[in-house]
Structures are given as structure tokens and as C-alpha cells.
Amino acid sequence: MRLIAALGTEILIVGSALMVTPAHAAPIRYEAESATIGQGLAESNHLNFSGTGFADTDNVVGSYVQWTISAATTGTATFTVRYSNGAAADRPADIAVNGSVAAATFGSTSDWDTWADKTVTAPVSAGSNTVRVTSTSAAGTANLDYLEFEVAGAPAFTDYQAENAVIAQGAVESNHTGYTGTGFVNTTNVAGAYVEWTVTAAAAGTAQLAFRYANSGGANRPGDIAVNGNLVGNQPFPATTAWTDWTDVTVSTRLAAGANTVRLTATGALGLGNIDRLRVTGQSDSQAPSTPGAPSCSAVTSSSMTLNWGASTDDVGVAGYDIYHDGNLLSQTTGTGTSRNLTGLSPNTEYRLSVFARDAAGNVSLSSAQAICSTLASSDTQAPTAPANLAYSNLSGSSVTLTWTASTDNVGVTAYDVRTGTTVVKSVIGTPPAATTSVTGLACNTAYGLNVVARDGAGNTSGQSNTVSFTTATCSGGVPSGITQISTGWTIPWGTYFMPDGQTALVTERDDKVTSGQFKVFKATLSGVRTQVGTVPNVVTTDGEGGLLGVAVDPGWASNHYVYFMHTASEGNRVARMTYDGSTLTGYTTILSGIAKNRYHNGGRLAFGPDGYLYVSTGDGQTSSRAQDLNSLNGKILRITTTGAAAPGNPFGTRVYSYGHRNPQGLAFDSQGRLWEAEFGNSMYDELNLIKPGKNYGWPTCEGTCGVAGMENPKRQWSVSTASPSGIAIVRDVVYMATLRGEQMWRIPLLSGETTGTPTAYYTGTYGRLRTITKVPGSDQLWLSTTNCDNNGGAANGADRTLRITIS
């Protein structure tokens, strides 16, 4: 029974919450039209599909549909693929879960409007998993509607129906189909309308709150989510295709043991969408496993080795281990085993290996110590023959096509490297690789000499081909016209920020490998004179990507003399403020902490925006789920005041400005005041993103462009071998991006709207690993720093330098 009472202008409908607790979680659905479709299209020309369409692959062997799914726990999952096959013949396919393949047959459904289910089981890991359906016949796959999955033993949930909650400025209705329970809540179209539930938690811990809603109004209807009176965030509720199209938005938050209030309040004049229910899924385990013991290598060959490490412990149980080579995931295990045979390695190559433990709830430990192990040289010592008859065609201002006569090898050629001198600008991979390629990203109006060498699987390299020489077409202004050295003697200069006078800059050194604990800050002049002005206290290294990172100068420095640093500390990453009088650093105040750290993925860039607020890039700390967790400061772009508080106008009412980031590094503003960001990918793509408040940039669901609804695609992407971007700067609305692994500087013009021009590369291999790039105030010049002294570069302390680039 509902009690209706008038309270001023509000009508409250009060009732007890109806709770339904199934024995296990319901299947999670992923629509095929939102998946990655290889050789096919999303269509809607047949009836009875769910969502907005279905995937129709081409009638060829190898066409596929691939989903990235997220599992709350490790375990055995049941996968259901809904399909239609109007042809008379079966359409066989491989269903692969994380690469493990099970054959399946999609039988005839008699017509294309009739749908059936195909079910398989397979193990999944807590967190991100890939599921791919690949055709194995010339007929292609069946039409695929969606993938559903559930994990045996997944956390139980409790449903709280909206029609039984406390409702302010709204009513219970049932005039649209598809709701659960006895109806749904339709709030009045005003800001402040709300639905409030009382939910019960058996124990304190993290829980997932899923709000089921429909919104056919065409516009986003955002709402504040508050738990026990504390704001969790402002959550977008995007439009759905119809009032009968129900979907979920999910947030993660902590609940107290016992009763909790969860209130969803409209923050826009349109009110909320229609609210059907709140589903609460418990996840009480928030404790990460202990750090794994030091790893070691054994049974080393030219292409494999066995890695062993000490076991971690966990309050619930270790679910598996992640093995990283530098900052990139190399292999994963499931279970409690403490050994892994690593295969497919390159001969005569050094691997820098770290181990991380994870539990079923997705909590990840800190990094183990690092094992440095090298594969043996291969017994195959015969190099391929040299490529011959290299020629070029289709020359433009930024690209050229190369062709050559293929090499031969006693075992087999596996790659060709296109080089300028001895620096590789592109690799062509295959079995065998093609003897032609298009080389893009060339600088305009520039002379090039390119050659090609062949490689085999043992790493043997042929002699080089003949060299072809050409000059790319003339280009317009706004391109680098000269580069000069400013100063030398640096050791990993990581952050650079100019003082308001534009004549001097503050430069941080990330860590000094000789003088432990000396995390230095220098004043550098335009002429190259550098003077140490102090050190930053409380900094620790991670022997990876942590240490003393970004620096920023307060826009009001003339009166307050404040400067800001991001650094790794004993408990995590921090943003700190110090006083700088022009010659000496003093004082130290932490303004923001609670940012988890790890050996890699610490982010670290600081930049003041045109609005006067401080923007902070944070990495996911090697726990990818943090990037999607709006309660975590990791995997985000933060926007804060100079005291560390959330800046006014932030999209969620917290410090979070954007989310879904893996390891964001470069930050820069264009002439319109828009924020651009460069981001390290994992193993596929690095990104250049246009950052918008409240937007989700996809990690770990997306790496590069993936087309998932509600997730932003990058404006440009690169393979990780050609980029690994760090700093970016913008001059005359052209982005200049420094890259580490790519050892080059990319130039990316910003065009009309949100489009970008063709990227072109400069200084490829000339200066090594490029870290930070900064615009010189009041001029069309850039400062560029190297970090060849880091673990990946391997150079001795003092081998890094700073360079000046002139743009004309």
C-alpha cells in the first residue's frame, strides 16, 4: 500500500522496497551491432532482432564478430549467441574465448526473421575477455543478434523496484511495455525530481549499482547518484531508441553494512528517464593480493623461457597472475600456479619481466621485483638474401609506395624493414610478407633515402637493398624548419613548464639512477643555462614509470609563487604544491592523494587550462577496472582547484573530468580552449583524444577505435611500435607529439570541427626516445626532451638533452 502526502510542491510516494534475490546473476547481454565486425556490416533489414540491429558478415571464410566482455569473477561462463540462418545449409563457425576455440554449427532457422540460440561454455578471467565468432566456410557466419553470458557462481544481486521506492515529483506508470515488476517511475520534467531506495548490504564493501531505465526523449537526462547522502557522481542517462527500449547504467560504490539510502536525482530540466529498477550486485572483496615474490628465469631457449615467482596471498584467493614486459602485458595465468612458459619470444633479446597477482574481484597487487632475462641466439644463422630492385611510385607530400624483388631464406622470410639509413620507419609482416608497401607519415618538402632489409624468424637480417632517393611534395607553412640543441647532461627530464615571463622553464628529472632519492628540479633558460633550484621531498621510484613526473606553474605565480608537482610517494601517487621564489624551492603541501600507483601506468602530466584550473592525468595503476570506476581517481583526467578540490562545473561533481583512460600522458589546449590528450595503448594502438567533460574513452573495453556505444573513439591512432606517445604541444592549431618507442615526433594538423589532418613524422631515430614537448610562450618554437637514460633506453646518466624546434 502506498501513502501519498503533500509536502509543499512535492508529492512523495512512500512504500516498502520489493526485493528479489535470485541464486545467481542474470546473463549480461552485448549487442552484435556494437561489436567489432570483421568483413561485414550492422544491418536491420530483417525482423525480430534485439537492440538496434544485427551483424551480417560477408560470405567468406574468416569474417567475424568480436565482443569485449567484462566478467566480475573468474570461472566457467555460459555463452549464448542469438542467430538467424535463413539459408538451407548450416553455417559453421569457430567460437573463441580469449583465443581458445570451440567449433559450432549455426543450423538453418528456415527464414531470416526467425532467431535461435547457440550455447557454449568456456573459462573466463575476472575483468576483460574477448569472444570472437569466425566463419569457417565460404558462406560466412549466420546473422548474429547478440551475445549473452553469465559466470557460474557470480555474485548474487538484489532487485529494488522503482515503483516501491520513495518518489519525489513523479508517478508510477505502466503505459510502456518491457518493464519488470508492476510498473516504472515517470518523474516530472524538472530538476530535483528523484527516486530513493533503501538497500541492505550484508557487509561493508564495494557494490555495483545498475539503474534500468528508458529514455526516448532524444536528449541525455543526467542524474546525481548519492549513497547515504554522499555524492557518487553525476551519471549520464543517454537516449534510448524507444520508451520500450530498456537499458542499464552501472556505477561502482561502497555500501555500509546494513541499511543504505540510494538516491537518483534529476539535474536537468527534463527530469529523469523512466526508471524501472535498481539492481545491487555485491562485491565485498576490495583487498588486493600481496606482492608476488621475485621472479626468475629458467629453461631459456632462443624463443622461449620459463618464468617462476613466489606465490601471493589474498584474503579470498588468488585467481591468476599477469606478466608484463616493461609496461605491456605479455602473458596471463589462471589459478594459483607460480610458473609460466613464455613462448613466441624473439631470439637474442632482453626481456624485463614483472609479475602482478589478481583476485576474482579484479583487485591487482603491486609489482614484483623485475627479472631481466635474455633469450639465446638462434641456431639458424643464415640471413635472407638482400631485397633487390627497390623502386618508388605514387609520391605525395606525406607518402610513397615502394616495391622490390622478394628475398629468399633457408627457413623463411618473416618481415621486411623499410629504413632511412639504419632507422626503421615501417615493418611489413607476413608469412611470407608482401614485397610492397605504402610508407605514410613522411614530412612534406623533405629529401628521403629509403632502403629495405629482410628478416627471418631467428632475427637474422639481410644486407640492404639499393637506396631510392626522392623529395616529398611542397607543403604549406606551420612545419618544423630547424632543430638545435639547447643543453645536455640531463637524466630523464620528464616535465617542463615555462614561467610566466617565457624566459625560463622549470624541468623535473624523473629519477636519478646514481644518487638515490635525489628527485631534482632545474631552472632552464632559453640560452641553455640550467641551475638546480631544489628537490621534491617524499618522492619514491617504482623502477618503472614512477618517480618525479609532471610540473605546472600557478597562473597567479607572480603573487603566490606556487608550483605543482605530480609524483609517486610511499602510499601512491600525489599532487603536491611547493613555493618557488625564482631561485629556490621551499615548503611542501600535499593537495591531492589517493591515486593508486604501480610499477607502470602512473600517468603524471599536469597542465593549467584557460579556465585557471589544474588538469591531471592519472594511469590505471595496472588495474584496468579502475578506469571505468567513477569512484576511483585512476585512469582519469582530473580537473581540480589549486587546493586539490573538485573544480566547479565538473561533470560528476567530483574531481573526475573524463574517464576510461589507460595511461594518459600528453595534455595540451588548442586555440579554442579544447583539451587534447595523448595516451599509451597496451599492445595494439596508441591514441590522440579530444577530451570532453564526462565522456568515457573506453579502456579497457576499447583500445583504439572500436565503435562501442557510449565510448569515445580517438581522433587518431597509431600502432604501439610507431608511437608510445608522451608529451604533446600545440602550435598554430597543429599538435606535435613526442614518442618514446617510435623515436620520432608526429605532426597532426587540427582541421575544421573535430577532424585531424594526415599525421607526418619528423626526426625518426635521430635523437632516440622523445619524452616531453612544450611550446615556448610568445613564439612559434618548441622545446623537446629525450629520455634515453630510462630503463628502456639504457643510456648512462647525463646522456639526455633538450632541443629547440622552430616552426615556420
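Look up: the structure comes first, before these words.
Criteria and thresholds
- Residues numbered from 1 in each chain as written.
- Predicted model: local features only at pLDDT ≥ 70, side-chain atom pairs only at ≥ 80, totals over all residues.
- Heavy atoms only, no water.
- Helix = DSSP H or I, 4+ residues; strand = E, 2+ residues; numbered from the N terminus.
- Rg over C-alpha atoms; globule rule 2.2 N^0.38 Å.
- Buried < 20%, exposed > 50% of the residue type's maximum accessible area, 1.4 Å probe, protein only.
- Contact = heavy atoms within 4.5 Å.
- Areas by Shrake-Rupley, 256 points an atom, 1.4 Å probe, with all protein chains shown as cover.
- Lys, Arg positive; Asp, Glu negative; His and termini not counted.
- Charge placed at Lys NZ, Arg CZ, Asp CG, Glu CD.
- Pairing = 2+ DSSP bridges.
- Axes fitted to C-alpha atoms, helices over the stretch in contact; angles between N-to-C directions.
- Salt bridge = Lys/Arg side-chain N within 4 Å of Asp/Glu carboxyl O.

Draft legend 1. Region of the structure containing the overall build of the protein chain. Per the secondary structure count, the protein chain includes one helix and 63 strands. Taking 2.2 N^0.38 as the reference for a compact globule, 808 residues should give roughly 28 Å; the C-alpha atoms of the protein chain span a radius of gyration of 28 Å, in line with that estimate. Dimensions of the protein chain, computed from C-alpha atoms along their principal axes, come out at roughly 85 × 75 × 55 Å. The buried share of the protein chain, taken over its 808 residues, is 53%. Here the contacts in the protein chain between residues at least 6 apart in sequence split such that 64% fall between residues at least 24 apart. Of the roughly 30,700 Å² of accessible surface on the protein chain, 50% is carried by carbon and sulfur atoms. Here the protein chain contributes 46 positive and 58 negative side-chain charges, whose respective centroids are spaced 7 Å apart.

Draft legend 2. Fine view of the sheet that holds strand β61 (residues 770–775). The sheet built from four strands is open, its strands ordered β40-β63-β62-β61 with antiparallel pairing. Every other strand in the sheet has two partners, leaving β40 (480–490) and β61 as the edge strands with one partner each. Across the sheet, the mean angle separating the axes of adjacent strands is 20 degrees when strand polarity is ignored. In this structure, β61 lies alongside strand β62 (residues 781–786), joined through four bridges in antiparallel fashion. Following the sheet pairing, K775 is matched in β62 by L782.

Draft legend 3. Representation of the pattern of salt bridges in the model. Taken as a whole, this structure holds 18 salt bridges when the rule is applied. In this structure, D322 and R358 form a salt bridge, with 2.6 Å as the shortest nitrogen-oxygen distance. A residue pair is termed long-range when its members are at least 10 positions apart, and D322 in strand β28 (residues 318–325) and R358 in strand β31 (residues 350–359) qualify at 36 residues. R358 carries the same exposure label as D322, and that label is buried. Among the salt bridges present, the one from E754 reaches K692, with a minimum N-O distance of 2.7 Å. Residue E754 is located in the loop between β59 (745–749) and β60 (760–762), and its partner K692 is located in the loop between β55 (685–691) and β56 (716–719); the two are separated by 62 residues in the primary sequence.

Draft legend 4. Geometry of the environment of T343. Relative to the helices and strands, T343 resides in the loop between β30 (339–342) and β31. Of the residues examined, T343 reaches a relative accessible area of 55% and is grouped as exposed. It is 9.6 Å that separates the C-alpha atoms of T343 and S302, two residues lying 41 residues apart in sequence. Not counting residues within four places of it along the chain, the set of residues in contact with T343 comprises S303 and S304.

Draft legend 5. Spatial organisation of the sheet that holds strand β26 (residues 296–298). Here we have three strands laid out as an open sheet, ordered β26-β27-β30, and antiparallel in their pairing. Since the sheet does not close on itself, it has two edges, and those belong to β26 and β30, each with one partner. The mean inter-strand angle of the sheet, taken between neighbouring strand axes irrespective of direction, is 30 degrees. With three bridges joining them, β26 and strand β27 (residues 305–308) adopt antiparallel strand pairing. Bridging from a neighbouring strand, S296 pairs with N308 of β27.

Nothing here speaks to function; it is geometry throughout.
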